[in-house]
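# Descriptive analysis of the structure
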Amino acid sequence: MSTFTAQVETEHASRYLQQLCKHWSHKFTVTFDPSRGTIDLNGSTCSFVAEPHRLLMSLANEDAAVLPRVCEVVTEHLRRFAFREELAVEWAEAV
C-alpha cells in the first residue's frame, strides 16, 4: 500500500474537512464528523484529521501510480472551498 500525506496550515480545518466529505458523499462512500473524515475515492482511501491550526490529509492506494493524480484532485477541491485564503498544500510520499 502506497501512501501520500499533506499537512495544511489553516484555522478552518474542520470546515474544509466537512465540505470535502459532504461534496463527495453523493458519489463515494464517506464517513465524517467535525474532526475526522474518510472517503473511498474509487479505490483510493482519503483520510482527513482536523486539528486546531491544520488539516492533516492522507491518501492510500495499492497502485502508487494513481496517487499523484488523486492528490491533485483533492488539492483542487480543497483550494476551491478555501478560496478566501492561500493554502500551501505539499504532498509527500510516506515512508
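Bear in mind that the values here come from a model prediction, so they are computed numbers and not experimental data.

### Side note on the overall build of the protein
Per the secondary structure count, the protein includes two helices and six strands. Counted from the first residue to the last, the protein has its helices and strands arranged as β-α-β-β-β-β-α-β. Projected onto its principal axes, the C-alpha coordinates of the protein cover approximately 35 × 25 × 20 Å. Looking at the protein residue by residue over its 95 residues, the buried ones come to 38%. Restricting to contacts in the protein with at least 6 residues of sequence separation, those with at least 24 account for 53%.

### Things to note about unusual backbone geometry
Phi at Asn42 is positive, roughly 50 degrees, even though this residue is not glycine. If you trace the backbone, Asn42 turns up in the loop between strand E3 (36-41) and strand E4 (44-51). Residue class for Asn42 comes out exposed when judged on its relative accessible area of 66%.

### A short note on the pattern of salt bridges
Applying the stated criterion across every chain, the model contains three salt bridges. A single network of salt bridges, built from pairs that share partners, joins Arg69, Glu72 and Glu76.

### Some details on the environment of Val73
Relative to the elements of secondary structure, Val73 occurs in helix H2 (residues 67-81). Accessibility expressed as a relative area gives 22% for Val73, which makes it partly exposed. Each C-alpha atom, one on Val73 and one on Phe83, is 15 Å from the other, the two residues being ten residues apart in sequence.

### Describing the pairing of strand E2 (residues 29-32)
Summarising the sheet, E2 and E3 pair through four bridges and their orientation is antiparallel. Considered in E3, the bridge of Val30 is made with Ile39. Counted between consecutive antiparallel strands, the loop separating E2 from E3 contains three residues.

About the criteria used
- Residues numbered from 1 in each chain as written.
- Predicted model: local features only at pLDDT ≥ 70, side-chain atom pairs only at ≥ 80, totals over all residues.
- Heavy atoms only, no water.
- Helix = DSSP H or I, 4+ residues; strand = E, 2+ residues; numbered from the N terminus.
- Buried < 20%, exposed > 50% of the residue type's maximum accessible area, 1.4 Å probe, protein only.
- Contact = heavy atoms within 4.5 Å.
- Salt bridge = Lys/Arg side-chain N within 4 Å of Asp/Glu carboxyl O.
- Pairing = 2+ DSSP bridges.

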